Structure formats: structure tokens, C-alpha cells
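Structural overview
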Amino acid sequence: MATGGRRRGPIIIIIALLLIVCVVGAYFAITKLNLGGAVAPQTAKPAVTAPAPVEEMVEIAITSQQIGRGGQFTPDVVTTVPYPKKDIGENSPFILKKDIETNLYGKRVKYDVDAHVPITKSMVDDNKASGSEASFQIPRGKVAISIPLSRMSAVSYALHSGDHIDLIASMLIVDLDASFQSQVPNLVDLNVLNALLGPAAPTTGSPTETPKPQTSPIPQFLQGRAEIDQGSGKPIYVIPSEKQRPRLVSQTVIQDAIVLFVGDYSAPVTKPAGPTPTPNPQATPAPPPPPPDVITLVVDPQEAVSLNYLMLSGAKLNMVMRAAGDIGRIKIEAVTQQYILDQYSIPIPAKLPYGFEPRINDLSTPIKPFPDVAP
């Protein structure tokens, strides 16, 4: 019995060791799998998919280059591209290829459109006789009017379409006889004046005496006034030595007008897309065009009437250019001779018993080089 017990003891130990080895092996196997151990990949069989349905496309019109407001749709500026038919719907906003000839060519665009933009029905002016391209550039509620132009009045020809300007008007004001509506002084009947003033009235003509009309036998001269001579104390009758001098006034009459175009209007030419042709160096250059003599402005309707009146009345019109983006309005004072003297503290020269030589009667005399070198 003792011998049988001793034999079973080693067998139990061996079995226990085998169980321990199996448990440890299983533990390491599980740990390796949890740590991302490589597992022999199994080749997946590709899934069998049904072929994708072919999407139906239609051709729609797009711009091939930029078109300005009022420009015409022509084959040079229109092309077509494919577009999914399912995204168009029954009432398509796009111009289809089959409708280009009848619904697009010859019509005008309502606003600026960039290149490669789908053309929709809302972009197209349906009326083929809707006016010139220039009319599309005038905002609603505004009008365009042309005025004369010169180098001095147009900021040395720096003005271009789209610039904003202020307009200054300068006028000459004279006194009128309210009843006659003629410039004063009036003409005086010399015979009547002699009867009123007696011997003190002038009986001879003067350098400024107005020639009497051929149809009137009555001698006439400019109306003057009676004064007391400070030397003799006797009454005298004085008449003006020259015609009445007009009084100059300048004022900004219109602010923030828009330049529509300078010179004669010419419709914008749409150039087809493509490479620019190389100029021929042997070709004779064309002479430069003459400077423009007219400019067209966009103003309010009332301002247009005022401009028309100023032009017909002979006022001098000058333009000043505004800074880019400046559309504000400010209060401006009219400028007269008195304003210049007061604003800039210019004194009236005193009457002195001496003066400069040589005598200068006007400022149009050219100034000689200084110092004056004798030949």
C-alpha cells in the first residue's frame, strides 16, 4: 500500500506542472492578442456591387468672359457646359443650349457678370430695343447730361468713367434797370438835363459818351449824378468813365456727380477670348485722337435742369475730382471779392504819394528773368 502511494505522488506532480504550463501559455497568448499582436490575415473576398447608373446631363449656357452691364449676349461671350438634368427641374432658371438662339443672342445683360458664370433668365433683358448700353449705367432716379470740357475744367483730362466730381460755377453779376431790364447806367436826354440843371450841366461830349442812334435827333449820354465840387463848392454832374464792371461770384453748385464717359460715347467692344495678337512693329502708328471737348455726368434730374440753365446763361463751369470712395457732401460758402479780402486778410492798398517803376497796369504782363541781364 505504501508503494502504491509513493507512485501516485510523482504523477500528480507531473499533471500539476502540465496544467501550470498550459495556463501560463494561454495567458501569454491572450496578452499578445490584446497588445496588437499580428494575426494571420485572412483574405477577404471582394464584394460584388451593382454598376452605377449613368447620370443624364444637359447643356446650359455660361459666360466665356466678363460682360458689363448693358452688354449684348453674342457667340463670342457665350459657351455651354454639361449640367445634371436632375438638378434643373421643370422650371429651369438656366438658359439651355437649345434656347440660346431664340432666348439669349442679341439681348442685353442687366448687370455686370463675371466669366464662367451660368446664365440665368433673371440676368437677361427680354426687350431687345431697351436702349443703348449707356442707359444701363445710369442708376434709377438719375439722368445723364453733357457739358463742355477743356483741359483746365477737367483736371488736366484726368477724369475717367466712374470718377466722382464736384462742379463749380462762376458767374458775372451786373446791375439792371428793373423796368427796362437793361444794364445801368441809363442814357440821359441832354436837352432835358440842360433844362433841369441850367448852365452847370455839361454841354460837350465825353470820351465815354454813347453815340446817338441814327434814328433819334436827341443827343444822349450815360446817366450820371449831381455832386458838389469840393474845390469850388459848385454843383457838377459826373458820368461814369467806363461801363459797369461785372461782379464775379463762384460757388459749388453740384456735389458728387458721377462721370459716365469722357468725349463722344462709343459702345464697349467685346474682345473674343484668346491670345492677344502680336503688334506689327513696321506698321505706321495711328495719330493720337484729339482731346475731348465734352463730358457726360450722372446727376439728379433737378441738378440737370440747373446745369442746363447755367450753360445757357454763359456761366463758367469747372470740375474738381473727388478722392476714391468719397461720396459725402459738405457745406461750402460762395466766393466773392469781399470773401477773398476778408477770409485771407488781404488789405486794400493805401493811396501813397509814391509808387513802383515801371508801371504795371495788369497781371498779364510776362515777368522778366531775374536778375535782368543786359545783352
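Attention here is on the structure that accompanies the text.

Rules and cut-offs
Residues numbered from 1 in each chain as written. Predicted model: local features only at pLDDT ≥ 70, side-chain atom pairs only at ≥ 80, totals over all residues. Heavy atoms only, no water. Pairing = 2+ DSSP bridges. Helix = DSSP H or I, 4+ residues; strand = E, 2+ residues; numbered from the N terminus. Axes fitted to C-alpha atoms, helices over the stretch in contact; angles between N-to-C directions. Salt bridge = Lys/Arg side-chain N within 4 Å of Asp/Glu carboxyl O. Buried < 20%, exposed > 50% of the residue type's maximum accessible area, 1.4 Å probe, protein only. Phe/Tyr/Trp six-rings, centres within 6.5 Å; stacked < 30°, edge-to-face > 60°.

Strand order in this open sheet of five strands is E5-E14-E13-E6-E15, and the pairing throughout is antiparallel. The open sheet is flanked by strand E5 (143–148) and strand E15 (316–321), the only strands paired with a single partner. In this sheet, adjacent strand axes meet at a mean angle of 45 degrees when their direction is disregarded. In this structure, strand E6 (residues 164–173) lies alongside E15, joined through six bridges in antiparallel fashion. Looking at E15, one finds that Ser-170 is bridged to Lys-316.

Right, let's get into the pattern of salt bridges. On inspection of all chains with the given rule, the structure shows eight salt bridges. A salt bridge links Lys-98 to Asp-99, with the nearest nitrogen and oxygen atoms 3.4 Å apart. Between Arg-322 and Asp-166 there is a salt bridge, with its nearest N and O atoms 2.7 Å apart. Of this pair, Arg-322 sits in the loop between E15 and helix H5 (337–343) while Asp-166 is found in strand E6, placing the two residues 156 residues apart along the sequence. For the pair Arg-322 and Asp-166, one class covers both residues: buried. Each member of the salt-bridge network shares a partner with another, and the members are Asp-166, Arg-322 and Asp-326.

For the coordinates displayed, the defined rule picks out two aromatic pairs. An angle of 55 degrees between the planes, with centres 5.1 Å apart, marks the rings of Tyr-83 and Phe-94 as tilted. With Tyr-83 in strand E2 (residues 78–84) and Phe-94 in the loop between E2 and helix H2 (100–103), the pair connects residues that are eleven residues apart, well separated along the chain. Looking at Phe-94, the relative accessible area reads 15%, which means it is buried. Seen from their ring centres, Phe-261 and Tyr-265 are 4.9 Å apart, and the 50 degrees between their planes marks the pair as tilted. For Tyr-265, a relative accessible area of 31% gives the class partly exposed.

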